[in-house]
Amino acid sequence: MTQILLDMLVTGLPLVPVFLGIYTVFRLRADFDLTVEGSFVLGGAVCALTLVHGWPSWLALLAGTAGAAAAGGVTALIHLLLRVPVLLAGLVMSIGLFSVNLHVLDTPTLSLGTVGTLFSGFGSLSGRQADLATSGVMAGVVAAVLVAFGLFLRTELGLALRATGVNARMARSQGVNDRRLTVLALVLANGLAGLGASLAVQYQGYADVNMGGGTFVAGVGAVLLGELFVRPSGSKLVRIVGCVLVGTLAYRLVLVTALRVGLPAGDLRGVTALTLLVAIAAERYLGALGGLTRMLARNARSATTPARQEAA
Amino acid sequence: MLRLADIDLIYNAGRVDEVVALRNLSVTFERGQFVTVVGTNGAGKSSLIQTISGAARPTRGRIHLDDRDVTRLPDHRRAGWIARVFDDPRAGTAPELSIEDNLALAMARGRSRGLRFAVTARRRAVMREHVAGLGLGLENRLADRVGLLSAGQRQSLTMVMAALSAPSVLLLDEYLAALDPETTATVLALTTELVRELGATTVMITHNMDHALALGDRLLVMSRGRVIADYDGTEKSEMTVSGLIDRITGAGDALSDRSALIEQGARPRPRPGSARRRSHRTGSDWSGARGAIRSPDGSRR
Ligand SMILES: Nc1ncnc2c1ncn2[C@@H]1O[C@H](COP(=O)(O)OP(=O)(O)OP(=O)(O)O)[C@@H](O)[C@H]1O
Ligand SMILES: [Mg+2]
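Criteria and cut-off values
Residues numbered from 1 in each chain as written. Chains lettered and ligands numbered in written order. Predicted model: local features only at pLDDT ≥ 70, side-chain atom pairs only at ≥ 80, totals over all residues. Heavy atoms only, no water. Phe/Tyr/Trp six-rings, centres within 6.5 Å; stacked < 30°, edge-to-face > 60°. Buried < 20%, exposed > 50% of the residue type's maximum accessible area, 1.4 Å probe, protein only. Helix = DSSP H or I, 4+ residues; strand = E, 2+ residues; numbered from the N terminus. Lys NZ or Arg CZ within 6 Å of the ring centre and 35° of its normal. Pairing = 2+ DSSP bridges. Contact = heavy atoms within 4.5 Å. Axes fitted to C-alpha atoms, helices over the stretch in contact; angles between N-to-C directions. Parallel < 35°, antiparallel > 145°, perpendicular 65-115°, else oblique. Left-handed = near helix turned anticlockwise from the far one by under 90°. Nonpolar A, V, L, I, M, F, W, Y, C, P; charged D, E, K, R; others polar. Lys, Arg positive; Asp, Glu negative; His and termini not counted. Salt bridge = Lys/Arg side-chain N within 4 Å of Asp/Glu carboxyl O. Polar contact = N/O pair within 3.5 Å; in protein donor to acceptor, adjacent residues only side chain to side chain. pLDDT = per-residue confidence, 0-100. Near = heavy atom within 4 Å. Areas by Shrake-Rupley, 256 points an atom, 1.4 Å probe, with all protein chains shown as cover. Core = buried A, V, L, I, M, F, W, Y, C linked by side-chain atoms within 4.5 Å.

Counted under the stated rule, the structure contains five aromatic pairs over all chains. Relative to Phe32 of chain A, the ring of Phe26 of chain A lies with its centre 5.7 Å away and its plane at 45°, an arrangement referred to as tilted. For Phe26 of chain A, a relative accessible area of 12% puts it in the buried group. Considering the side-chain rings of Phe149 of chain A and Phe152 of chain A, the 6.5 Å spacing of their centres and the 50° angle between planes classify their relative orientation as tilted. Here Phe152 of chain A and Phe149 of chain A lie together in helix α6 (residues 127-154), a separation of three residues that amounts to about one turn. A connected cluster of aromatic rings, assembled from ring pairs, spans Phe26, Phe32 and Phe216 of chain A. Note that Arg154 of chain A overlies the ring of Phe117 of chain B, its terminal NZ or CZ placed 4.6 Å from the centroid. Of note, Arg68 of chain B hangs over the ring of Trp81 of chain B, and the distance from its end group to the ring centre comes to 4.0 Å.

All names here are of chain B. Pairing within the open sheet is antiparallel, and its four strands lie in the order β2-β1-β4-β5. Pairing within the sheet leaves two strands with one partner each, and these edge strands are β2 (19-29) and β5 (68-69). Pairing analysis gives two bridges linking strand β4 (residues 60-65) to β5, with the strands arranged antiparallel. Counted as the bridge partner of His64 is Asp69 from β5. The sheet contacts of helix α1 (residues 45-53) involve β1 (2-11), β2 and β4, and relative to β1 the element is tilted by about 115°.

Next up on the list: the packing of helix α3 (residues 35-52) of chain A against helix α4 (residues 57-81) of chain A. Residue and element names in this part refer to chain A. Two elements in contact, α3 and α4, have axes whose closest approach is 8 Å; the angle formed by their N-to-C orientations is 150°. The angle between α3 and α4 places the two elements in the roughly antiparallel class. Between α3 and α4 the crossing geometry is right-handed. Contact residues: Thr35, Ser39, Leu42, Gly43, Val46, Cys47, Thr50 and Leu51 in α3; Ser57, Ala60, Leu61, Ala63, Gly64, Gly67, Ala68, Ala71 and Thr75 in α4. Its residues placed into classes, the contact of α3 with α4 shows nine nonpolar, eight polar and no charged.

In this section: unusual backbone geometry. A positive phi angle is found at Asp106 of chain A, which is not glycine, with a value near 70°. Within the secondary structure, Asp106 of chain A is located in the loop between α5 (86-105) and β1 (109-111). Residue class for Asp106 of chain A comes out exposed when judged on its relative accessible area of 68%. Positive phi, close to 50°, is recorded for Asp66 of chain B, a residue that is not glycine. Residue position: Asp66 of chain B is located in the loop between β4 and β5.

Let us now look at the packing of helix α5 (residues 151-164) of chain B against helix α6 (residues 181-198) of chain B. Residues and elements named next belong to chain B. α6 packs onto α5 with a crossing angle of 5° between their chain directions and a minimal axis gap of 10 Å. It follows that α5 is roughly parallel to α6 by the angle criterion. For the pair formed by α5 and α6, the contact residues are Gly152, Ser156, Met159 and Ala163 on the first element and Thr183, Val187, Leu190, Thr191, Leu194 and Leu198 on the second. Residue composition of the contact of α5 with α6, by class: six nonpolar, four polar and no charged.

The next point concerns helix α3 (residues 99-107) of chain B. In terms of burial, α3 of chain B is largely enclosed, as nine of its nine residues are buried. Buried residues along α3 of chain B sit in contact with α7 (156-166) and α8 (168-173) of chain A together with α4 (121-132) and α5 of chain B.

Residue and element names in this part refer to chain B. Note that β1 and β2 share seven bridges and pair antiparallel. Paired with Ile10 across the strands is Val20, a residue of β2. Across five bridges, β1 lies against β4 in antiparallel orientation. Along β4, the bridge assignment pairs Leu4 with Ile63.

Okay, the side chain of Asp131 of chain A next. Residue and element names in this part refer to chain A. Its place among the elements puts Asp131 in helix α6. As a buried residue without a salt bridge, Asp131 has its nearest oppositely charged side chain in Arg128, at a separation of 6.8 Å. At a separation of 3.3 Å, a polar atom in the side chain of Asp131 contacts the side chain of Gln3. Apart from the residues within four sequence positions on either side, Asp131 is in contact with Gln3, Leu6, Asp7, Val10 and Tyr203.

Low pLDDT means the predicted coordinates in that region are not meant to be read closely. Across chain A, the average pLDDT comes to 90, with 92% of residues at 70 or higher. Counting interchain partners and residues more than four positions distant, the pLDDT-below-50 stretch residues 305-312 of chain A has zero contacts.

Moving on, we come to the site of ligand 1. Residue and element names in this part refer to chain B. In the vicinity of ligand 1 there are 14 residues, among which Asn41, Gly42, Lys45, Ser46 and Ser47 approach most closely. One of the backbone nitrogen or oxygen atoms of Gly44 is found 2.9 Å away from an oxygen atom of ligand 1. Separating an oxygen atom of ligand 1 from a side-chain N or O atom of Lys45 is a distance of 2.8 Å. Isolated, ligand 1 exposes 630 Å² of accessible area, and the fraction of that covered by the protein chains is 62%. Counting residues per element, the ones that place at least two in the shell around ligand 1 are β2 and α1. Of the residues contributing to the shell around ligand 1, the split by class is four nonpolar, eight polar and two charged.

In terms of nonpolar packing, the biggest core is built from 117 residues, with Phe19 of chain A together with Leu103, Met159 and Tyr175 of chain B touching the most fellow members. Ranked by residues supplied to this core, first place goes to helix α11 (residues 237-260) of chain A with 10 residues. Look past the residues within four positions of Leu103 of chain B in its chain and what remains in contact with it is Met127, Val131, Leu142, Leu157, Val160, Met161 and Leu164 of chain B. Listed in part, the 28 residues of the second largest apolar core include Leu2, Leu4, Phe29 and Val70 of chain B.

On to the side chain of Thr24 of chain A, then. Residue and element names in this part refer to chain A. Checked against the element boundaries, Thr24 lands in helix α2 (residues 15-28). Judged by relative accessible area, Thr24 falls into the buried class, the value being 0%. Once you skip the residues sitting within four places of it in the chain, Thr24 turns out to touch Arg29, Phe149 and Leu161.

Right, here's the structure in full:
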């Protein structure tokens, strides 16, 4: 059980920034950006390449972030200059980036070998302790990202970003330049994907040209899953980051459990798809689990209150 | 002063579904003038608003705001000077966001948005003061989602948002259409008060003939993309609802259902038919308007 939880943390925490980016476009902007399938790999590839070239691990982390962010910028330019939907621009990018990533890596799989990473200090620890230390470092990075993101959403710029997704016409009439915010959202979302990918690459010790496949659907599934537990809304910022955190970890828990139970790795995408379907069905037919628990809590309170009054 | 000169607005130009929404339209609004605009459906009233706000770029012509040529500025770059209330109560606010977030968005209008916190204790105090004036109790619900508010509450909030950054032009496009009579009266009272406070040039589109005649100090009648009549305050005060409807229908347009309904409810006023009308573009000054504080319009051609 502990091992399942550790697996969940170690493989899930790097995905938190990635899915936060997906949340940004999917929920805050009410749009679909498939660039992430390619930019995730690009971020990982740039990180691996710079590491192999001897860059310090945290600098490689930033390089991976910047590389993926640039990909988001290109998507935004395609969207704005050619006037095609973000969905189409991102689709084109995700296909094109495959070749770019192959050139960056120069090989389908680039192994980091013995170069120093954020986690290489833990090599001497036993398996479980190493996992604990690894997830500790990851949790630190993820916590910093979540807090920074939450604070950003509270700024005038972050508020404008949230408004454009809900009511673009109104946002423009309030003086918000929604084209500029489109660029910002895509750069931010893909930068976050690159950051997560860099964490994953440094942990697993290699970058693979196929590691981004299914990221988008997984992210949407995790967001939907998170929304079952935490009801985020445009102005509930703690709930927004909470939803992404809970959703990502819940999603990873499902996958890790599936692996532990003995499913072959090839079935994982099927499990991802099923998770997505279950999340959607639960939302449709059960209402929010969060609402359910809140209702139970209220009932419990109202059940105990008269008892206390009687006692008094 | 807001001046539109030789404006054409053509949708889908060059295609089979080409629509001329505004045709060679020239009109000047003096600073602080409160203008009501009437006309049948499709007359081009909303197009006029779209053009002034910058949401639609005219095919031809220029728009000047005071000494500035704003023709090429998109709507979000005019927002610092030009505030707008939409006909749909849902359009003017972001339903997913809280009342204070909506207000904060409006507070930053006309400034560049940076990494300052949008809602601070000081700003919240200012917001509270502004919405308290509505008398709706919204000052105690700043954290509530706007989606929870009724249409009238939302439209009132939109009015407050429009006024927050002291715009020099206020555009109201049938913004009372979705409200019940009582709420209409409340929001209308709020409007006249804000307009007086702000001293903003106000353009109000309405299908309610009583409002068109009772409010403001100038009345425009539009038809087929043109201004076909332009009454100043005195002329307007002598006008009757039926006279105005005659004027609108006289242009050969079928009266819209909404106007027809209002016509049925309209009471005849004294001095029927005494309203003079003046075709648009005939030069003259406007100093006779009731309570007007503006100078004679020398720029009119
Ligand atoms: N986005 C658009 N695309 C094409 N045609 C349009 C568009 N918006 C308006 N029109 C056309 O322009 C003309 C003027 O429309 P407008 O909305 O300005 O009328 P209106 O006076 O506001 O009418 P109503 O009283 O119904 O609101 C109409 O013929 C309309 O069909
Ligand atoms: Mg209209």
